[in-house]
Amino acid sequence: MKQSLLATRKNYNIGLIVFFISILLPFESFGQKDQIKEGAYYQKIFQGRYDDALQFLDDNSWISDSLEKNGIDPNFAIAIIFPELIRYSSIKDKMELGGLLTLYVQYGEKYADFSVGRFQMKPTFAELLEKDFNSKHSYIKIKFNNSNTIEARIERIKRLSDIKWQVNYLAMFLNIMDTRYSEIRWESQEEKLRFYATAYNSGYKLSKEKIKQHICYNMFYTGLVKPDSCYNYADIVLDYFYKSKASK
Amino acid sequence: MSRKFLFNYLLLFTLSVFNSVAQEDATKKALLTLQEGESIVTNESCLNFSGHNEQLYLVTWQDKQFYVYENGTRKGPYKKPDDIKFRECENDQIPECAVFNYPEENYIESFVELTDDGTYIIKFRGEKYGPYNYVYHLHVSPDKALFAAIVANAEMKFSLITSNGLEQNLTGTFERFISSPSGKQFLVLIKEGIDIDISALSNMSEADMIKYMQEQAQKQQDAGGSVTQIIGTEGNLYGKYVSSVISSNNPAYCQTGSDNWYMVIGNTLFVNGNMLKQFDRNTNPSTCNIWLSTDGKRFALIDYNQILFSDGKSYPPPIKLEVEQSGTKTILKWISLENETELVSYSKEL
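Residues numbered from 1 in each chain as written. Chains lettered and ligands numbered in written order. Predicted model: local features only at pLDDT ≥ 70, side-chain atom pairs only at ≥ 80, totals over all residues. Heavy atoms only, no water.

Observations regarding the interface of chain B and chain A
On the chain A side, the residues contacting the 20 residues of chain B number 16 residues. Summing the contributions of chain B and of chain A, the shared interface buries around 1,700 Å²; its carbon and sulfur component is 55%. On the chain B side of the interface with chain A, the three residues burying the most area are Tyr304, Leu337 and Glu340 of chain B, jointly 34% of the side's total. Here chain B and chain A share 1 salt bridge between them. Applying the counting criterion to the chain B and chain A interface returns 7 residue pairs in polar contact (both at pLDDT 80 or more). The set of elements that each furnish at least two residues to the side of chain B that touches chain A consists of β2 (39-40) and β26 (329-338) of chain B. Its residues assigned to classes, the side of chain B that touches chain A comprises 7 nonpolar, 9 polar and 4 charged. (Contact = heavy atoms within 4.5 Å. Buried area = accessible area lost by both parts, 1.4 Å probe. Salt bridge = Lys/Arg side-chain N within 4 Å of Asp/Glu carboxyl O. Polar contact = N/O pair within 3.5 Å; in protein donor to acceptor, adjacent residues only side chain to side chain. Helix = DSSP H or I, 4+ residues; strand = E, 2+ residues; numbered from the N terminus. Nonpolar A, V, L, I, M, F, W, Y, C, P; charged D, E, K, R; others polar.)

Below, the structure is given as structure tokens:
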């Protein structure tokens, strides 16, 4: 960028504007939106980790097939968890779940605040889904053990560790959201996706108002420790959503 | 009759005494006691096995505030993680998997030569083996004294070739080669009954060929399962197994199990093809969470809610585990949190 700014006087002003916009991008959502439609902004930011996430989806096309077969829009569903695939790719080598799994199984909720697997789902999230899920309206037919016991927690951990079950939990989440917000008439698919993605990331048990409020928050990061500046979860979701739609 | 009974009794008694000597009770040491409602922030804590609580570095969480146990004292409270200077921990909490992965190098370039007619020859310690149409896998022992190779002819019929003079035809498609830690023993997995279109293969690149083979294997599996043969170092068939029980870590060699291979089918542990233990249905055995003794006769299962040893004794599950090996001795050391507050270290020989 600097080289091109210095290259000719003619390009100087344009270059300067581009330079300032690029500085503003992480903080200004209007700037991101233009970039999102081009579908390349976050791929540049997350680089290899973004590519790993794309590769994972390429290698596991059954995820998309399985969702579609069961009446779920795979583009919409996969977009919701796409930022988690990026996060998983960057922390997979540093993840130490062994001790946490043991503590969660032994003592439950107190030690439940950790994320598992590709979709980075927390045991607490799975537990809520299992309680709220209505299998009458879904292809997933199972009676969950909702007791506060070691056996129930072992079963949950085993499900969370299985990518097929993570896809099921995602489908359950969509099922619950569709039921819970069936009265809302979404102005666009983008609006609905932003809302669902934020609910997935912040907690779907939050009130509608809180979820809407959280849509604007920049809370997504890829490391183990939260850095000073974070990214907007829903923006990354939309970035992927447009890109995957464009490629079909 | 009574003499026979006495003999059997004495034999059993001797065996049980021997067994108790081989697998003694775990040694236990209390490390520290947490306060009521206090929980460990495991990712920020350094747990080690010095046996002294002065050596522990523990970050805890109680009433929405952080505490740090360092040099035997409890410091805090800290309101934010930023207020704490976290210590870097060197060791992992629990080894991810007990399975041994042999660090195979690409020996093809060093030991395989392409001939003028497009076939391949293996050149090893002055001897020539071949020609072969394809060399699929070449394994060389660490001392470079032995090799084993999976080769195929023009009809894609696979063979196992070793520097010991073994030349055995394999009936099926080569799936995987698994080496023991010493590099001198191995398993070859062969999937039976996969249809291969030889004419289609001839125009394929190496990458396309591998992809084609995987697709054929998948088709076979989708069509209702297939069978995988497990073949040993001498070309001996250990058995045929439904392919769905075979996975990237099953069968395998264990990091501590020397040249003994193991496999878990359902809730049963097999060592060298023989059943060693049928676990309770509430356990969750896999090769990744089973550690074998060097003689392959004893084991420890690291389950979610217990460590279970082959002598039948079980202990609270680890939040930190280390496996030490010295000669033929394998010692498991672990730290558990008992009754939500008691941090305890254990040590037990396999």
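Here we look at the state of the cysteines
One pass over the structure, following the stated rule, counts 1 disulfide over all chains. A sulfur-sulfur distance of 1.9 Å marks the disulfide that ties Cys97 of chain B to Cys288 of chain B. One disulfide, between Cys97 of chain B and Cys288 of chain B, carries an S-S torsion of -95° and so falls in the left-handed class. Of the two residues, Cys97 of chain B sits in the loop between β5 (73-78) and α2 (108-111) while Cys288 of chain B sits in the loop between β20 (274-278) and β21 (290-292), which places them 191 residues apart along the sequence. For Cys97 of chain B, a relative accessible area of 18% puts it in the buried group. Free cysteine: Cys230 of chain A, not disulfide-bonded; nearest cysteine sulfur from Cys216 of chain A at 15 Å. For the unlinked cysteine Cys254 of chain B, the closest cysteine sulfur is that of Cys97 of chain B, found at 8.6 Å. Residue classification places Cys254 of chain B among the buried positions, given a relative accessible area of 0%. (Disulfide = S-S within 2.5 Å. Buried < 20%, exposed > 50% of the residue type's maximum accessible area, 1.4 Å probe, protein only.)

Observations regarding the sheet that holds strand β10 (residues 147-152) of chain B
All names here are of chain B. Across the sheet, 4 strands lie side by side as β9-β10-β11-β12; this open sheet has antiparallel pairing. The strands lining the two open edges of the sheet, one partner per strand, are β9 (134-140) and β12 (167-169). Neighbour-to-neighbour, the strand axes of the sheet open up by a mean angle of 15°, direction not taken into account. As paired elements, strand β11 (residues 158-162) and β12 share 3 bridges and run antiparallel to each other. Among the inter-strand pairings, Ile161 is bridged to a residue of β12, identified as Glu167. (Pairing = 2+ DSSP bridges. Axes fitted to C-alpha atoms, helices over the stretch in contact; angles between N-to-C directions.)

Observations concerning the packing of aromatic side chains
For any pair of aromatic rings, the description rests on two quantities: the centre-to-centre distance and the angle between the ring planes. Residues and elements named next belong to chain A. This structure, assessed with the given rule, holds 38 aromatic pairs over all chains. With a centroid separation of 5.6 Å and 80° between ring planes, the pair formed by Phe76 and Tyr196 is classed as edge-to-face. Of this pair, Phe76 sits in helix α6 (residues 74-91) while Tyr196 sits in helix α11 (residues 189-202), and the two are 120 residues apart along the sequence. Residues Phe76 and Tyr196 agree in their burial class; the two are buried. Among the aromatic residues, ring-to-ring pairing joins Tyr42, Phe46, Phe220, Tyr231 and Tyr233 into one connected group. Lying over the aromatic face of Trp165, Arg159 brings its terminal NZ or CZ to 5.6 Å of the ring centre. Just above the ring of Phe76 sits the side chain of Lys192; from NZ or CZ to the centre is 5.3 Å. (Phe/Tyr/Trp six-rings, centres within 6.5 Å; stacked < 30°, edge-to-face > 60°. Lys NZ or Arg CZ within 6 Å of the ring centre and 35° of its normal.)

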